[in-house]
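Secondary and tertiary structure notes
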Amino acid sequence: MENKIKLLTLSIALAASSASAANYAIEARGDAMGGVGVVSANFLTAPFYNPALTAIYRRNDDVGMITPSFGLSYSDEHMMVDDLEKASDIINQAVDGDYSNVSELESTLNALEGDVANLELGGVVAFAIPNRYIAANVFGKAYAESFAQTDIYSGANSATPNLNPAINAELSGVNAVGIGVTEVGLSLAKYQTFLGQHIAFGVTPKLQRIYTYVYRANLNNYDIKDIRENGQGETMFNLDAGFLWFYGPLRVGFSAMNLVSRDVKSQELAASTVTSRVDSSQSRTFDAVTYDYQMRPLYTVGVGLVADYATLSVDYDLNEEEKFTNFNDNSQMLRVGGEIDIMRQLKLRAGWNRNLAYDNLDDTVTAGIGLSPLNLFQLDIGASYTNENSMGAYINFLTSY
């Protein structure tokens, strides 16, 4: 249990020690609908999905605020934390001279090969002033994402072959990376008719502060207290853009997020040599390494039916986000979601999404509600579930006048 808590704390420390915003919306309504938003977001949440939606609002909307929104999700689909705990216990037994469970290590190490645990944490605030000239939305977003991935060693060649699994496990490691981006921007959008067609387009200039954190340790011997010493940050300008066409409830949209590309290098992890305590003649050298975070444009199309009392929408990422080099953290999402509005007081939402970048990941289902008592304010609550080791929760508080 101690090592399970350590790894969870490691992930949380990576996320909480910085703030980030890549392309994850951190918005309870959209998250409850599978993450859709390119055509189904509203003028308050538009900067996080499609800036063009800043110009789409009801006639009685004069100003609106998100104050604030929070989201947290954790994914360990292949039970990496449980397997690490099991491996750590057996390693410690072997170091103490108890080899009775060493045979179980081989299957445990096979299960750990390439496993990744992921934590996402963030929040947003926004202040929007819709109008028929140039609609505007000033926002701030903070989002952090961390990945812990195993590095399994298989080169042990001990004079006592039965001990090889224990030596391999002791010389294996856990690598962790974290990305954080604080973001402040202004979405500007315009609605107009062109050749009888209803369209809107928008842009979002923004400033980003990007942080990277890296960490490396043995399976059973890591300490998170030095995690901040392996971090660095840089500031950059970026730009989002979006377009929307609609006819009645039918909408088609396109968004392009983070149009300015940048490779953000992490601090270097120095080379190190680890010697086995089970067999001191066995050792492993870890090479010096840096990880690049690839900030690249993400292009997404959306199609949906958005009516007064019901919404159904589909979003599809046209390209794959590669994120950190040498980590299995790529994503290319397909999202589907819907909403039913009951008398403007209660909204029921559900959705589904899949990461198309990998074939062995489970689908995620989402659900949530929106409460609007007397239309004085709106409270959105959402949740996501992939399996018992991967889930998330989200909450918004919005007001508009």
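Everything below is about the structure shown above.
Read on for an overview of the structure.

What counts and what doesn't
Residues numbered from 1 in each chain as written. Predicted model: local features only at pLDDT ≥ 70, side-chain atom pairs only at ≥ 80, totals over all residues. Heavy atoms only, no water. Pairing = 2+ DSSP bridges. Helix = DSSP H or I, 4+ residues; strand = E, 2+ residues; numbered from the N terminus. Axes fitted to C-alpha atoms, helices over the stretch in contact; angles between N-to-C directions. Parallel < 35°, antiparallel > 145°, perpendicular 65-115°, else oblique. Left-handed = near helix turned anticlockwise from the far one by under 90°. Contact = heavy atoms within 4.5 Å. Nonpolar A, V, L, I, M, F, W, Y, C, P; charged D, E, K, R; others polar.

Below, the discussion takes up the sheet that holds strand 11 (residues 292-295). Pairing within the open sheet is antiparallel, and its three strands lie in the order 8-11-14. Taken across any chain shown, the strands that pair with only one partner, and hence form the sheet edges, are strand 8 (262-265) and strand 14 (323-324). By the bridge criterion, four bridges tie strand 8 to strand 11 in an arrangement that is antiparallel. For Val 264, the partnering residue across the bridge sits in strand 11 and is Tyr 293.

Two numbers describe how helix 3 (residues 80-95) lies on helix 4 (residues 105-112): the axes approach to 10 Å, and their chain directions differ by 150°. The pairing of helix 3 with helix 4 is recorded here as roughly antiparallel in orientation. Considering how the two elements wind past one another, helix 3 and helix 4 form a crossing that is left-handed. Only Leu 105, Thr 108, Ala 111 and Leu 112 of helix 4 make contact with helix 3, whose side of the interface consists of Met 80, Asp 83, Leu 84, Lys 86, Ala 87 and Ile 90. Its residues assigned to classes, the contact of helix 3 with helix 4 comprises seven nonpolar, one polar and two charged.

Let's shift gears to unusual backbone geometry. Here the residue pair Thr 67 and Pro 68 is connected by a cis peptide bond, since its omega of -15° sits within 30 degrees of zero. Checked against the element boundaries, Pro 68 lands in strand 1 (residues 64-75). With a phi angle near 55°, Leu 195 is a residue other than glycine that sits in the positive phi range. For Leu 195, the position within the fold is in the loop between strand 4 (173-194) and strand 5 (197-218). Positive phi values are uncommon outside glycine, yet Arg 344 reaches one of about 60°.

None of this, on its own, says anything about what the molecule does.
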